[in-house]
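These are the residues of each chain, in order.
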Amino acid sequence: MARATAAVAAIIMMVATCAVARAQNYVIDQGASDALTRYLHLNSLPMVTAEFSTSPGGSRQVILTGFVATQFGRQDAERIALAYVNDPSVNMVDQILLDPHVEDMRTAPPGSPAAVGSQSPNSPNQLWNKTMQGIYKNGAQNPPASGPMLP
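To start, this report covers the structure provided alongside it.

### Focus: the nonpolar core
The biggest cluster of nonpolar side chains holds 17 residues, and the ones touching the most others in it are Leu36, Leu40, Leu45, Val48, Val62 and Leu64. Looking at this core, the elements that each hand over two or more residues are α2 (30–42), β2 (48–54), β3 (60–68), α3 (71–85) and β4 (91–98). Among the elements that make up this core, the one with the highest residue count is α3 (4 residues). Discounting chain neighbours no more than four positions away, the residues touching Leu64 are Leu40, Val48, Thr49, Ala50, Ala77, Glu78, Ala81, Met92, Val93, Asp94, Gln95 and Ile96. Met47, Ala69, Val102 and Met105 belong to the second-largest nonpolar core, a separate cluster that totals 5 residues.

Listed below in structure tokens is the structure:
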């Protein structure tokens, strides 16, 4: 019995090691990552970032991280990223967390009554802090475990 357990443990370690080694072979394209992140921000997803990478074999991967208020926001981020990359075979890894408080952070359009009455505009740092406070106070929903995850 102990030998069988040791054999299973050894096989699990080999598989895990191979998966980690494969995942580490991806090379991040910082320029494409920055451009895609800016595109997401311009499309009403200011708290979502993207990391675009390619494996030596030519496989392409996009990892989305950050916060959105709804499941629709998560799906919209994936749709926008796929449209930007324009490659249906790209591996999309969605690590976006749901936080309903993100919706509360939308700023009013300039010149609107709400914007005129506000004392201080929301800076990115204030938005981030408010989101993190909401997460710590109320928790967040983890994304579904789908696709390979990079360490």
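### Quick look at the packing of α2 against α3
Angle between the axes and distance between the axes are the two parameters that describe a pair of packed helices. One way to put it is that α2 packs onto α3 with a least axis distance of 10 Å and a crossing angle of 130 degrees. One finds that α2 runs oblique with respect to α3. With respect to the hand of their crossing, α2 and α3 are arranged in right-handed fashion. Residues Ala35, Leu36, Tyr39 and Leu40 of α2 form the contact with α3, whose participating residues are Ala77, Ile80, Ala81, Tyr84 and Val85.

### Structural notes on the pairing of β4
Sheet topology places β3 next to β4; 8 bridges connect them, and they run parallel. Considered in β4, the bridge of Val62 is made with Met92. For the segment spanning β3, α3 and β4, crossover handedness is right-handed.

### Details of the packing of aromatic side chains
Evaluated as defined, the whole model comprises 1 aromatic pair. With 4.9 Å between their ring centres and 40 degrees between their planes, Tyr39 and Tyr84 make a pair best called tilted. Of this pair, Tyr39 sits in helix α2 while Tyr84 sits in helix α3, placing them 45 residues apart in sequence. For Tyr39, a relative accessible area of 33% gives the class partly exposed. Looking at Tyr84, the relative accessible area reads 37%, which means it is partly exposed.

Reading the values: rules and limits
Throughout this description, residue numbers start from 1 for each chain and increase along the sequence as written. Note on the predicted model: pLDDT of at least 70 is required for a residue's local features to be given, and 80 or more for side-chain atom pairs to be given and counted; whole-chain, interface and lining totals, by contrast, use all residues. Calculated side-chain values reflect all of the structure's heavy atoms, with hydrogen atoms and water omitted. Nonpolar cores were defined as sets of buried Ala, Val, Leu, Ile, Met, Phe, Trp, Tyr and Cys residues, with membership established by side-chain atoms within 4.5 Å. Between buried and exposed lies partly exposed: a residue is buried under 20% and exposed over 50% of the maximum accessible area for its type, with that area taken using a 1.4 Å probe on protein chains only. Every helix listed is a DSSP run of H or I at least four residues long, and every strand listed is a run of E at least two residues long, numbered separately from the N terminus. The criterion used for residue contact is that any of the two residues' heavy atoms lie within 4.5 Å. Lines fitted to C-alpha atoms define the axes here, with helix axes fitted over just the stretch in contact, and angles between the N-to-C directions of these axes take values from 0 to 180 degrees. Any angle from 65 to 115 degrees is called roughly perpendicular, while one under 35 is roughly parallel, one over 145 is roughly antiparallel, and all others are oblique. Handedness of each helix crossing follows the sense of rotation of the near helix against the far helix: counterclockwise by less than a right angle gives left-handed, clockwise gives right-handed. Paired strands, as defined in this entry, are two strands with at least two bridges between them according to DSSP. If the strands point away from the viewer and the path from the first strand over the helix to the second runs clockwise, then the crossover is right-handed. Any two of the Phe, Tyr and Trp rings considered here, Trp counted by its six-membered ring, make a pair once their centres fall within 6.5 Å; the pair's planes then place it as stacked at under 30 degrees, edge-to-face at over 60, or tilted in between.

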